[in-house]
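Geometric and topological summary
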Amino acid sequence: MKHLAAYLLLNLTGKDPKAKDIKALLNSVGIEGDDERIETLLSELNGKDINELIAEGSAKLASVPSGGGGG
């Protein structure tokens with residue numbers, strides 16, 4: 001999740017995040033990035049519009065029932 005969060009933060013700057021950018025961001029807050037996970041993330045997101053992916057995910061979450069069970 002931390003790798004995805006770093007990717008999204010870097011994406012907000014308007015650039016296409018690379019592995020070195022993600023590692024640098026994570027290192028700046030004392031987190032060691034996992035090269036394998038970063039490469040997997042980048043390959044999964046390659047060529048995809050992040051805004052479309054977020055919209056698809058939000059639509060899926062909307063169909064998940066939620067609510068508290070009172071006792």
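Quick look at the structure, then. Quick caveat: nothing in here was measured; it's all calculated off a predicted structure.

With ten residues, the main nonpolar core is built from Ala6, Tyr7, Leu10, Ile22, Leu26, Ile38, Leu41, Leu42, Leu45 and Ile50. For this core, the secondary-structure elements that each account for two or more residues are α1 (2-12), α2 (19-28) and α3 (35-45). Looking at this core element by element, the count peaks at four residues for α3. With residues near it in sequence (within four places) discarded, Ile38 still touches His3, Ala19, Ile22, Lys23 and Gly33.

Now for the side chain of Asp21. Following the sequence through the fold, Asp21 ends up in helix α2. With residues near it in sequence (within four places) discarded, Asp21 still touches Leu10, Lys15 and Asp16.

What describes two packed helices is the angle between their axes and the distance between those same axes. It is at 9 Å that the axes of α1 and α2 come closest, and there the two elements cross at 105 degrees. As judged from the angle between their axes, α1 and α2 are roughly perpendicular. Residue-level contacts link Lys2, His3, Ala6, Tyr7, Leu9 and Leu10 of α1 to Asp21, Ile22, Leu25 and Leu26 of α2. The class makeup of the residues in the contact of α1 with α2 is seven nonpolar, one polar and two charged.

Once that is clear, we can look at the packing of α2 against α3. Running from N to C, α2 and α3 point in directions that differ by 130 degrees, and their axes come no closer than 10 Å. By the criterion of interaxial angle, the relationship of α2 to α3 is oblique. For the pair α2 and α3, the crossing hand works out as right-handed. Facing Ala19, Ile22 and Lys23 of α2, the residues of α3 in contact are Asp35, Ile38, Glu39, Leu41 and Leu42.

Calculation notes
- Throughout this document, residue positions are counted from 1 along each chain, in the order its sequence is written.
- Note on the predicted model: pLDDT of at least 70 is required for a residue's local features to be given, and 80 or more for side-chain atom pairs to be given and counted; whole-chain, interface and lining totals, by contrast, use all residues.
- Where side-chain values are given, they derive from all heavy atoms of the structure, hydrogens and water being excluded.
- Within this scheme, the nonpolar core is defined by two criteria: the residues are buried Ala, Val, Leu, Ile, Met, Phe, Trp, Tyr or Cys, and they are joined through side-chain atoms within 4.5 Å.
- Only protein chains enter the accessibility calculation, which uses a 1.4 Å probe; a residue whose area is less than 20% of its type maximum is buried, one above 50% is exposed, and one in between is partly exposed.
- Secondary structure elements are taken from DSSP: a helix is a run of H or I of four residues or more, a strand is a run of E of two residues or more, and numbering for both begins at the N terminus.
- Whether two residues touch is decided by their heavy atoms; if any such pair falls within 4.5 Å, the residues are in contact.
- Convention adopted: a line fitted to C-alpha atoms gives each axis, helices being fitted over their contacting stretch, and angles between N-to-C directions are expressed from 0 to 180 degrees.
- Working definition: roughly parallel below 35 degrees, roughly antiparallel above 145 degrees, roughly perpendicular at 65 to 115 degrees, and oblique for all remaining angles.
- Residue polarity follows a fixed list, in which Ala, Val, Leu, Ile, Met, Phe, Trp, Tyr, Cys and Pro are nonpolar, Asp, Glu, Lys and Arg are charged, and the others, Gly among them, are polar.
- Less than a right angle of anticlockwise turn of the near helix away from the far helix marks a crossing as left-handed, whereas a clockwise turn marks it as right-handed.

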